[in-house]
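These are the residues of each chain, in order.
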Amino acid sequence: MTPPSRAVFISYASEDADPAQRICQALRASGIEVWFDQSELRGGDAWDAMIRRQIKSCGLFIPVISSNSHARAEGYFRLEWKLAVDRSHLIAADKPFLVPVVIDQTRDNDLRVPDRFRELQWTPLPNGETSPAFVQRVARLLAAGDSEAARSVDSADPYRAAVSLVRRAQSPKDAAPDAGASRRARLSLLLVAAVVTIGLGYVTLNRFGSVRHGAEAPGVAAPATPAPPATTDKEKSIAVLPFLDMSEKKDQEYFSDGLTEELLDQLAQVPDLRVPARTSSFYFKGKQATILEIARALGVTHVLEGSVRKAGATMRVTAELIRADNGFHLWARTYDRDVKDVFKVQDEIAASVVEALKARLLPIPAALSARRSTNPAAYDQYLVGRQLLSRNSGDDSNHAAQAFRKSIALDPGYAAAWAGLADAMFWVSDSESALQSTLADRKEARAAADRAVALQPDLAYGYLTRGTLRIVNDLDFAGAREDFQRALALEPESAEVLVYNGAALLTPTGELPEAIAVLRKATQSDPLNARSWAFLGRAYYFHGDFNAAHAALERSLEISPKQTYAPNVLAQCYLTEGRPAESLAVSQRSIDKTFRLTGAALAQYDLGHRSEAKQQLDALIAKYGTTAAYQIAQIYARQGDRVRATFWLERAHVQKDAGYTNIKVDPLLRNLHDDPHYHSMLAVAKLI
């Protein structure tokens, strides 16, 4: 039987018996002992003595807070609460004991709740519906009383904790590509449906892996070799969680997400603050995870969260800074302002957070101020475009371009909107099969990128987009290097800038040790970014370090089990290692049919199943000949058919297939290495 010190005591008002029973059943189903009194007649000395003994010896005390407990001015549960609070004062501050839960909309400023409860983070369990994440949290808190268990569960490695968290938080719905996740509620500051990919041109990184269909859902994972935090002062670390859209019609998510991202980027410029990048922080949007769990997964001590209510020209922004280990609110404030003052509000929130953490606040860098417009309507359309672009589909990219054009019409000098238009049009071209349309869209994209750089030379986004276009449009790696280095000088710690530099430039040019170093740094800054891990795995694969490639690619798949790119690279890694059966199996995990057909054709050929391989290749050519020329070339090269391989490589070049940028380093093209035609292609691209 579980020792008394490992039992959980649930205290509730009698009106809440049913929700409390659901909590009890969920905990017991996981093997946790629960003391849950269901006596109809509470009274008697023996019964009272038993309750006191249980509260004195239980491992955790869970008070169930609700409107019913608020309405009851008297009740035995209030004595239970007092006894638990009294005991908590005798317990060391680092030992968990009180775990308040709230089953309705009762707020944490309820004056009828003991002060000790209000000092702690409440876990929302609507109507007693108990998530696996909460059950696991209770198990972990109980284990904290056991030094051996505590070491195994709450290690110093925040990324290992993240692996456990994602496995608890994910559900089939969470894993679906581009799907929003269910809400993670926390009192009035609830977080809403998910945005899967990073904005500011993040989706364009797909192009350097020839990703043409589908997106990846973000998640949590642990690196094989955890790296130390960027700063040794963990006290000065903070995660910025997505602010909740509290607008009446719930149609201002783009605005609340934009405000969140601006705050995150602004705080990331503070030299003595460690701030996880956007993808990692936004992963938890909609997940059933507590503040403490999020902080541990991201390796931070503090969390900033809030809400935005926007109506016409006015807005209300609420923000609060929380210390994760004890739930204390270090700072909180509500701003009622005109929408045109949104940047002032962002600056005030950032200054308050920095002051609370005793860090140094620098002036707003030009790279960030460049994203701002003096026209509130132009900024609003810019945020709409960014959210649409993050959805990673051709239709949404078209709509994003329209939003950026509206922004530019309202503010022709708005450099960030021009960069957004360039990014959107590049993505539109990448989803089209007609060469004429593709070239026209790329031409518009390049003109917009040039305009962004001319208007604002301190805008990193403009350089990233222009560098991308230089590589894919013109194979101008030298020009792209200048652009990416300029972006890196402007935002040296930006995970986005690091990934562009490592994946789009250093990897294709064969500077693989340098690419690996840059991409490792990106995964340290943004540890929950599935694509960063996939690109790191690809660099290791191209470099011939198969063990490291497997580790990084599996990490990407732990973060995002349903995705496009990592299964494709992992399948090629297995194939190159001479393991075609494993290659075939993993290739079919991709959500992209192009990659599934490619993987099947490659693996079946190596397995000796020539008829099946031809069938898959024929299907790939028939369905995707205008968008997957590079994949077709890979298959013919692997089969030793140099004539057809170089023919399809030429088509990939003409079609401006992004996969073509990898011709120097792709192991599947090794059979062409002594082919004169292949060498002429490298020479044209100035890769030799």
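Structure: above.
Everything numeric here is computed off the predicted structure, so don't read it as measured data.

As a further point, take unusual backbone geometry. Backbone geometry at Lys-656 places phi at a positive 55°, although glycine is not the residue there. Among the structural elements, Lys-656 can be located in the loop between α30 (642-654) and α31 (676-684). Located in the positive-phi region is Lys-686, a residue other than glycine, with phi close to 55°. Residue placement: Lys-686 occurs in the segment after α31. Note on Lys-686: relative accessible area 72%, which makes it exposed.

Attention now goes to the packing of α30 against α31. Where α30 contacts α31, the two axes come as close as 10 Å, and the packing angle between them is 20°. Considering their axes alone, α30 and α31 lie roughly parallel with respect to each other. Crossing angle aside, the handedness with which α30 passes α31 is left-handed. From α30, Thr-646, Leu-649, Glu-650 and His-653 reach across to α31, where they touch His-677, Met-681 and Val-684.

To continue, consider the packing of aromatic side chains. Under the counting rule described, the total for this entry stands at 15 aromatic pairs. With a centroid separation of 6.0 Å and 50° between ring planes, the pair formed by Tyr-382 and Phe-404 is classed as tilted. Of this pair, Tyr-382 sits in helix α15 (residues 376-389) while Phe-404 sits in helix α16 (residues 394-410); the two residues are 22 residues apart in sequence, bridging distant segments of the chain. Residue classification places Tyr-382 among the buried residues on the basis of a relative accessible area of 0%. A ring pair is formed by Tyr-541 and Phe-542, whose centres lie 5.5 Å apart and whose planes are at 40°; its orientation type is tilted. In this structure Tyr-541 comes out as buried when scored by relative accessible area, which is 1%. Residue classification places Phe-542 among the buried positions, given a relative accessible area of 11%. Ring-pair connections join several aromatic residues into one group, and the members of that group are Tyr-379, Tyr-382, Phe-404 and Tyr-414.

Cut-off values and rules
- Residues numbered from 1 in each chain as written.
- Predicted model: local features only at pLDDT ≥ 70, side-chain atom pairs only at ≥ 80, totals over all residues.
- Heavy atoms only, no water.
- Helix = DSSP H or I, 4+ residues; strand = E, 2+ residues; numbered from the N terminus.
- Buried < 20%, exposed > 50% of the residue type's maximum accessible area, 1.4 Å probe, protein only.
- Axes fitted to C-alpha atoms, helices over the stretch in contact; angles between N-to-C directions.
- Parallel < 35°, antiparallel > 145°, perpendicular 65-115°, else oblique.
- Left-handed = near helix turned anticlockwise from the far one by under 90°.
- Contact = heavy atoms within 4.5 Å.
- Phe/Tyr/Trp six-rings, centres within 6.5 Å; stacked < 30°, edge-to-face > 60°.

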